[in-house]
Amino acid sequence: MAKPSKKKGRAVQAKTKHAKAKHAKVKQALANADENTAARKKLSKEEKQTILVVSFMALVVISFLIFFFVFRNIGTFAYYGIKFNKVTKEGVTMYHGRMGLKTSAGAFNYNLYLRNDPRKLKIPANVSIILRKSGYISFQPEASSCYASGLAAFELASLLNALGMDVKGATTSHKVAIDDNVPEKDCADALNRTIIVVQQSTNSSISQRGDCYILNAANCRVLDTAEAFMLEIIKGLWGISAS
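Remember, predicted model here, so these are calculated numbers, not experimental data.

Chemist: Help me out: how do you make sense of helix α3 (residues 149-162) in this one?
Modeler: Owing to its 3.6 residues per turn, the α-helix brings residues three or four apart onto one side. Taking 1.5 Å of rise per residue, the 14 residues of α3 would be expected to cover 20 Å, and the 20 Å separating its terminal C-alpha atoms lies within 8% of that figure. Three or more residues of α3 are buried, namely Ser149, Ala152, Glu155, Leu156, Ala157, Leu159, Leu160 and Ala162. Of the residues trailing α3, Gly164 is marked for its positive phi of about 95°.

Chemist: Sorry if this is basic, but what is going on with the state of the cysteines here?
Modeler: Here a disulfide denotes a covalent bond joining the sulfur atom of one cysteine to the sulfur atom of another. Summed over all chains, the structure comprises 2 disulfides. Here Cys146 connects covalently by a disulfide to Cys220, the sulfurs 1.9 Å from one another. Across the S-S bond of Cys146 and Cys220 the torsion is about -70°, and the bridge reads as left-handed. Here the residue Cys146 occupies a position in the loop between α2 (141-144) and α3, and Cys220 occupies one in the loop between β9 (212-218) and α5 (222-236), the gap between them amounting to 74 residues. Note that Cys187 is cross-linked by a disulfide to Cys212, the S-S spacing being 1.9 Å. The chirality of the disulfide connecting Cys187 with Cys212 is left-handed, given an S-S dihedral of about -60°. Of this pair, Cys187 sits in the loop between α4 (174-180) and β7 (194-201) while Cys212 is found in strand β9, placing the two residues 25 residues apart along the sequence. A relative accessible area of 18% means that Cys187 is categorised as buried. Classification of Cys212 by relative accessible area gives buried; the value is 0%. Across the protein, the way the bonded cysteines pair up, counted in sequence order, is 1-4, 2-3.

Chemist: Which parts of the structure should I look at to understand the packing of aromatic side chains?
Modeler: Centre distance and the angle of the planes are the two values used to describe a pair of aromatic rings. As enumerated under the stated definition, the model contains 4 aromatic pairs in all. Arranged with centres 4.8 Å apart and planes meeting at 75°, the rings of Tyr79 and Tyr80 form a pair that is edge-to-face. Among the residues examined, Tyr79 registers a relative accessible area of 15% and is labelled buried. One aromatic cluster is present, built from ring pairs that chain together Phe77, Phe84 and Tyr95.

Chemist: Would you mind going over the sheet that holds strand β2 (residues 82-89) with me for this structure?
Modeler: Hydrogen bonds between backbone atoms are what pair the strands of a sheet, whose relative direction is either parallel or antiparallel. Taken in spatial order, the 4 strands make up an open sheet running β1-β2-β3-β4, and their pairing is antiparallel. At either end of the open sheet lies a strand with only one pairing partner, and these are β1 (76-79) and β4 (106-114). Taken over all neighbouring pairs, the strand axes of this sheet differ in orientation by 35° on average, direction set aside. As judged from the 4 bridges shared by β1 and β2, these two strands associate in the antiparallel manner. Considered in β2, the bridge of Thr76 is made with Asn85. Relative to the sheet, α3 contacts β3 (92-103) and β4, its axis offset from that of β4 by approximately 170°. Running over the sheet, α5 touches β1, β2, β3 and β4 and is turned about 155° from β4.

The rules we used
- Residues numbered from 1 in each chain as written.
- Predicted model: local features only at pLDDT ≥ 70, side-chain atom pairs only at ≥ 80, totals over all residues.
- Heavy atoms only, no water.
- Helix = DSSP H or I, 4+ residues; strand = E, 2+ residues; numbered from the N terminus.
- Expected span 1.5 Å × (residues − 1).
- Buried < 20%, exposed > 50% of the residue type's maximum accessible area, 1.4 Å probe, protein only.
- Disulfide = S-S within 2.5 Å.
- Phe/Tyr/Trp six-rings, centres within 6.5 Å; stacked < 30°, edge-to-face > 60°.
- Pairing = 2+ DSSP bridges.
- Axes fitted to C-alpha atoms, helices over the stretch in contact; angles between N-to-C directions.
- Contact = heavy atoms within 4.5 Å.

Quick look at the structure:
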């Protein structure tokens, strides 16, 4: 039998070496592929965590904005074009409205404060507002003894003064006028001046006789009736001054 030649042996060794080198490259390529796959998986996990964090932060911001705008507008409403805010000062709840008014001195912003929700002041009114340059708020003695009658007079006088009226206090009682040295005024005195008579009645209502306005207050609801009349003034004289 003939022995393999040295040349043939070297060829076999070369092929074997080449095969081993090729196998090593394939093995390295597979290892690299595994590393790349692991890296991609790791990156995908990090991306998911980032998305979760960003989504959570966005949710927190949106929730805060909703909370801010919703709670900021709680107690805010519009009534006859006036934006009112429900406010509390020193434990007292009030309704604040800001509006533009005009007098002979010019236009200005007026801050109206009511103790009652204007939407709930359902007192019948049959008036056509015309204000004179001067006038009186005249209280019937029974009405002046009601709770918050002084506050009612103050609120009403503040609005009338802001509209340019020189308004003073008075009484409908001759006896009180003498005893307390205050003017006695009623509807008979409404001659080129505004007279506002506040009196007790079985039903609350607001009526008019010429330049005299009669505020009937049932159950001593003097403040309610006065504030309802103030709203009637504002609705009837929006931007109009006393004449």
